[in-house]
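If you want the building blocks of each chain, they are given just below.
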Amino acid sequence: MADNIAVSVRVRPLNSKETSTGAAWDINSDTNAIAPQVRHAPRPIAVVAYFPSPEGGNYCSSRPRPTPDNPPPSPPHTQAGTAAGTTDSTAYQLDNVFDPSCRTKDVYERTTRGIIESVLGGINGTCFAYGQTSSGKTHTMQGSADEPGIIPLAVHDVFDSIDRSEGREFLVRVSYLEIYNEQMLDLFAAESAAAQPKPQMGSSGSRDLFGSSVGGGSFDRPDRRVSRLQIKEDSERGVYVSGLMEKIVTNPTEVLELLRTGVARRHVGETNMNAESSRSHTIFRMVVESRAVGENASGSANGAHDAVLVATLNLVDLAGSERVLKTGAEGIRMKEGANINKSLLNLGIVINKLTEGAEGKGSHIPFRDSKLTRILQPALGGNSRTAIVCNVTPAAAHAEETHSTLRFAVRAKRVCNNATVNEVVSESALIKRQQREIEELRKKLGGEGGDDGDDEEHAADVPPLSQRGRAFVPPERDGLHVARRVPWQGRVRDDRTGGVGKRKRLAVRQFHEQFVQVDVSQV
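Residues numbered from 1 in each chain as written. Predicted model: local features only at pLDDT ≥ 70, side-chain atom pairs only at ≥ 80, totals over all residues. Heavy atoms only, no water.

Here we look at helix H11 (residues 399-412)
Between its terminal C-alpha atoms H11 stretches 20 Å, which fits the 20 Å expected from 14 residues at 1.5 Å a residue. Along H11, the residues that are buried comprise Ala-399, Glu-401, Thr-402, His-403, Thr-405, Leu-406, Phe-408, Ala-409 and Ala-412. (Helix = DSSP H or I, 4+ residues; strand = E, 2+ residues; numbered from the N terminus. Expected span 1.5 Å × (residues − 1). Buried < 20%, exposed > 50% of the residue type's maximum accessible area, 1.4 Å probe, protein only.)

This is the structure we're talking about:
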């Protein structure tokens, strides 16, 4: 099933630091378009100078007051982002555009719910949030206690769909991976929590599932944990992380409790733009397996119910791109930001290569240059249905970063995936499926033809399938008929009278012959 990546844009409200500059974007949720506002530049401030007067005292010299006969010049028009160094006035058209008043539930319904239904049908799915730091990615993916994010909503939706399914049994496994400074960490592993240093002054802790600050987290020295996780790939599982702990779960409450444990161990830090900035990428993965039970296990004509459907759902919360001049990052924060920008840059390069058709031309696509793109390789032009939610801020101070995010969104929208149903068939189930196909072919062959008498006479001359390849002499030939296929090694052995050279020449000549012609009248 070929389908382009679905790309949506969510605009967050202005925060207290951005209200002074105001919004710089026109958002139209009806047409799913977002464009920079056309604004008038502020009028120049008149410079007033005071000079000493020869007659004593001071006199004022300034620009004359405008009059109807001498109006001021019209101020030039500026686009959003002029102050930031860009004059791009392009309007961006996406699959969905959500204004600041939109709820996360609406974002989920229009971006991710369809992917959940596909996952239960055996098709891989991926949804991730992209954008600059402090643009609302974590709020979109994790949410809050009052407004759950995409991850909690997807978890509830998966188990609700399982409860409504009849005739199938399911097995759900979950894992939680963190990519911090290009190092993979298991957020479900107990050693990850034991290795977390105690927060100190100038550093932040971690957060819970709904954004509340808790203990743990990173502080201003390099993380010395050694990761034993490795990215591997095989024909059955595709790209996976070896050594990552997987938990078998049976209800959404159990999953959300595991999520709280993992989110509390994630690296977060304080910057000038965000008090709780995510310093790592996280990938929450659900593997859903299902098979038919009862009467449905053998009631399918094509044998589809004999297979086990296996699909993977990836819910990714990316760290945001950032500029040191705006975040004020120093020390370990600067190192974290550099690694975040590096991985996001490689993600953009991969998207560019895919939109240019590099894969079809045989060009190299640098999936392996970053652990993030390597793990997400099936979701980028591969076997998956993918949705991207690009989070942006409408503030004029960040207009250039918003333009960059929207350009990424437009490019990603042109990437085409080829999602297929993933099924694992056992040997016995495969034999049953092949037997059904053989029976169907026999019925089709038995039901075709039979109307033409000439065809019946010709069919009488054709041997059955069980005798093909054996001796068969068609009637009414000129005495020379095809008798049997003789291997050339046997012909060499039968030639007892000739020398070695003669036997070799005979063998070479007869090796290129396919049949031996004999005179039937002398047999």
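A closer look at the packing of aromatic side chains
The final tally for this structure, using the stated rule, is 3 aromatic pairs. Through a chain of ring-to-ring contacts, three or more aromatic side chains come together here, namely Tyr-176, Phe-188 and Phe-284. Across the ring face of Tyr-240, the terminal group of Arg-237 is positioned such that the distance to the ring centre comes to 3.8 Å. (Phe/Tyr/Trp six-rings, centres within 6.5 Å; stacked < 30°, edge-to-face > 60°. Lys NZ or Arg CZ within 6 Å of the ring centre and 35° of its normal.)

A closer look at the packing of helix H1 (residues 104-111) against helix H2 (residues 113-120)
At a minimum axis distance of 4 Å, the contact between H1 and H2 shows a crossing angle of 50°. Overall, the two elements H1 and H2 adopt an arrangement that is oblique. Counted together, Lys-105, Tyr-108, Glu-109 and Thr-111 of H1 and Arg-113, Ile-115 and Ile-116 of H2 form the full contact between these two elements. Looking at the contact of H1 with H2 residue by residue, the classes come out as 3 nonpolar, 1 polar and 3 charged. (Axes fitted to C-alpha atoms, helices over the stretch in contact; angles between N-to-C directions. Parallel < 35°, antiparallel > 145°, perpendicular 65-115°, else oblique. Contact = heavy atoms within 4.5 Å. Nonpolar A, V, L, I, M, F, W, Y, C, P; charged D, E, K, R; others polar.)

A closer look at the pattern of salt bridges
Overall, the coordinates contain 20 salt bridges when judged by the stated rule. A salt bridge links Glu-336 to Arg-279; the nearest nitrogen and oxygen atoms lie 2.8 Å apart. Placement of Glu-336 in helix H8 (residues 332-355) and of Arg-279 in the loop between strand E20 (277-278) and strand E21 (281-292) is noted, with a sequence separation of 57 residues between them. On the accessibility criterion, Glu-336 (0% relative accessible area) is buried. By relative accessible area, which is 1% here, Arg-279 ends up buried. Taking the shortest distance from any N to any O, the salt bridge between Glu-336 and Arg-333 comes out at 2.9 Å. (Salt bridge = Lys/Arg side-chain N within 4 Å of Asp/Glu carboxyl O.)

Looking at the environment of Lys-353
By secondary structure assignment, the location of Lys-353 is in helix H8. Since its relative accessible area comes to 29%, Lys-353 is described here as partly exposed. With 11 residues separating them in the primary sequence, Lys-353 and His-364 have C-alpha atoms 8.4 Å apart. Every residue in contact with Lys-353, bar those within four places of it in the chain, is listed here: Ala-358, His-364, Ile-365 and Pro-366.

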